[in-house]
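# Inside the fold
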Amino acid sequence: MGKSSEAEDWAKPESIAAKTLGRLKIGKEAIISLIFFGVAWQIVSLFTPSYIVPGWQVIFDKMIRLQPYQIYVTVVRVVLALVVSFGLGVLGAVVMYLSKKLENYISPLVKLVMAVPVICWILFAVLWFSAVEFRIFFILVIVCCPVFLIDVLDALKGVPKDLRDMILSFRPSKMQYIRKLLLPAIVPAVLTSWKINLSLAIRVVTIAELVGAVSGIGFALNIAQANFSVAEVFAWTIVLILILLAAQVPVSWVESKALRWRL
Amino acid sequence: MPIIKVEALRKVYVQTISSAKVVAIDNLTFNINEHEVVSIVGQTGCGKSTFLNILMGLEQPTSGKLEVDGKEPYKDFNSLKGKIGIVFQQDRLLPWRRAIDNTKIGLEVLGYTPEEQIKRASEWLTRLGLANFLNAYPSELSGGMRQRVALARALCIDPKIILLDEAFGHLDEVTASKLRKDFLELVHSTKKTAVFVTHQLDEAIEIGNRIIVFGKPAKVLADIKVEPSFKDDQSKIQRLRQEIQQILDKNQPIGLE
């Protein structure tokens, strides 16, 4: 009964859109403030030279001429690095969860890695690696992986003893214990971690490409800055914001499905 | 024939910070026979839950012996798979699973086919008056309903022994009373051995056909047989209640007729 009604709900496109927009928190107030910002920007642009504050028409004109290839390169780098970071993070978290001794060894290293500023990792990568793609991949993984690891480890440790004892009372195998309790229990934390890391990765990849790459949005921003093309800088910035918003849609969709019990 | 054998059982905890030793169970000895419904009554913190944890195999005794169906629950953990069901004080339902999915979790662990899981879980939930709530999440159910799901979860694996750890303690009296009646009916109709742990004397007397009184730390202060006819006589119940209360207050073993 419930399953069929669930299926019906998710078969409705407007229902998915409404829920996703709800999750992204695009409310009436947000739309009003965005419109206000857009109008204010346009007014300021009328009284200032276009190389300082370009109008929306100039920015959109630049936007439609941007190279999609640079967007594609950046997105692929982010997705690949996040998937690998997530895999390594989960693996590390599970190992640390299962062995207190290993946790004692690994934990200080993770904290050390997290304490190093992103810009230092970018400089290290530029100095250490000549291969551009590996350089970017390294920076993203070294920044995002510890976040996944810490979030997943905390979530694993946070599974209540009451629930662990309840499952153990049925005497499950290790795999059943992980599949039926641990994995579903950490889903909320994992999804939150993905949201944080998506935003982090897009910001980090832009800086990394700006400093150490010959392709991608960061690199294109560097070129735009060298050409004093403020409109193009703004155009790329809008693209970055749109990428981040678009990336959150699938996460929000998964969240609204997997965490339906919380709604 | 005893299905649960407890011999000189002792459990001592060592506190992490002070290294002080705390005796939770002190020389506990008794047997429980098949099909018996036994209430274990004792003050809060007397080691009742520790005893249940040892009985479940979740904790190891410091010394002594405890056997369930001829096996030691901690050492032979997997050999008691499917033989013991437990209902905890809190329902301990998984919030991301619907009522039916929570109910069938034990069946999943035991390897029943998906069809059999759904069939048995639905039957138990229906039997416990939740036919219209099979697909409800725990957050959509009342406390009493959630505890019914927990009861269905424990019973649907068809265990030989069912343990209840103050299972109705946090419910209002009307709900708790109804659940106690339902539970007794189910236990008697399915001929289970039941161990019901509580700190409430009335509840212990209502449920058990035998009452074991625990001291603090856990040791047997009294072991009382309660005949079914006894439960119809309010004056006898009242006298028994007072006597158990005296035993608990003195924390000394007293012979009871």
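To keep things clear, this report deals only with the structure shown in the data block. (Residues numbered from 1 in each chain as written. Chains lettered and ligands numbered in written order. Predicted model: local features only at pLDDT ≥ 70, side-chain atom pairs only at ≥ 80, totals over all residues. Heavy atoms only, no water.)

## Remarks on the overall build of chain B
A count of helical and extended segments in chain B gives eight helices and nine strands. At 18 Å, chain B has a C-alpha radius of gyration in line with the 18 Å of a compact globule built from 257 residues. Over its C-alpha atoms, taken along the principal directions, chain B stretches across nearly 50 × 45 × 40 Å. Within the span of chain B, comprising 257 residues, buried residues form 53% of the whole. Sequence separation of 24 or more characterises 68% of the internal contacts of chain B that already satisfy a separation of 6 or more. Carbon and sulfur atoms form 48% of the exposed surface of chain B, whose accessible area is close to 11400 Å². Distance from the positive charge centre (35 side chains) to the negative charge centre (33 side chains) of chain B: 3 Å. (Helix = DSSP H or I, 4+ residues; strand = E, 2+ residues; numbered from the N terminus. Rg over C-alpha atoms; globule rule 2.2 N^0.38 Å. Buried < 20%, exposed > 50% of the residue type's maximum accessible area, 1.4 Å probe, protein only. Contact = heavy atoms within 4.5 Å. Areas by Shrake-Rupley, 256 points an atom, 1.4 Å probe, with all protein chains shown as cover. Lys, Arg positive; Asp, Glu negative; His and termini not counted. Charge placed at Lys NZ, Arg CZ, Asp CG, Glu CD.)

## A word on the nonpolar core
Ranked by internal contacts, the top residues of the largest apolar core, which has 137 residues, are Phe51 and Phe168 of chain B. With 16 residues, helix α8 (residues 132-157) of chain A is the largest single contributor of residues to this core. In terms of nonpolar packing, the next biggest core, distinct from the first, is built from 16 residues, Leu221, Ala222, Ile224 and Val226 of chain B among them. (Core = buried A, V, L, I, M, F, W, Y, C linked by side-chain atoms within 4.5 Å.)

## Brief notes about the environment of Phe30 of chain B
Residue and element names in this part refer to chain B. Within the element layout of this structure, Phe30 appears in strand β2 (residues 21-33). Taking the C-alpha atoms as reference, Phe30 lies 28 Å from Asp182; in sequence the two are 152 residues apart. Those residues in contact with Phe30 that sit more than four places away from it in its chain are Ile4, Lys5, Val6, Ile40, Phe51, Arg210, Ile212, Phe214 and Val220.

## A word on the interface of chain A and chain B
At the interface, 20 residues of chain A touch 27 residues of chain B. Across the chain A/chain B interface, buried area totals approximately 2400 Å², and carbon plus sulfur atoms make up 64% of it. Among the residues chain A hides against chain B, the three largest losses belong to Phe170, Arg171 and Trp261 of chain A. Together they make up 38% of the total. At the surface where chain A touches chain B, the tally comes to two salt bridges. (Buried area = accessible area lost by both parts, 1.4 Å probe. Salt bridge = Lys/Arg side-chain N within 4 Å of Asp/Glu carboxyl O.)

## Topic: the sheet that holds strand β1 (residues 2-14) of chain B
Residue and element names in this part refer to chain B. Spatially, the three strands line up as an open sheet ordered β2-β1-β4, and their pairing is antiparallel. The sheet is open, and its two edges are formed by β2 and β4 (63-68), each paired on a single side. Ignoring which end each strand starts from, the neighbouring axes of this sheet average 20° apart. Relative to β4, β1 is paired through five bridges, and the arrangement is antiparallel. Across the sheet, residue Arg10 finds its bridge partner in β4, namely Ser63. (Pairing = 2+ DSSP bridges. Axes fitted to C-alpha atoms, helices over the stretch in contact; angles between N-to-C directions.)

## What to know about the sheet that holds strand β5 (residues 84-87) of chain B
Residue and element names in this part refer to chain B. The sheet built from six strands is open, its strands ordered β5-β6-β7-β3-β8-β9 with mixed pairing. Edge positions in the open sheet fall to β5 and β9 (220-225), since each of these has one partner strand only. The sheet shows a mean angle of 15° between the axes of neighbouring strands, direction not considered. Here five bridges tie strand β6 (residues 161-165) to strand β7 (residues 193-198), and the two strands are oriented parallel to one another. Among the inter-strand pairings, Ile161 is bridged to a residue of β7, identified as Thr193. Helix α1 (residues 48-56) rests against β3 (37-41), β5, β6, β7 and β8 (210-214) of the sheet, and its axis sits at about 150° to β6. Packing against the sheet, helix α5 (residues 143-155) makes contact with β5 and β6, and its axis sits at approximately 175° to β5.

Distances and angles like these do not, on their own, reveal function.
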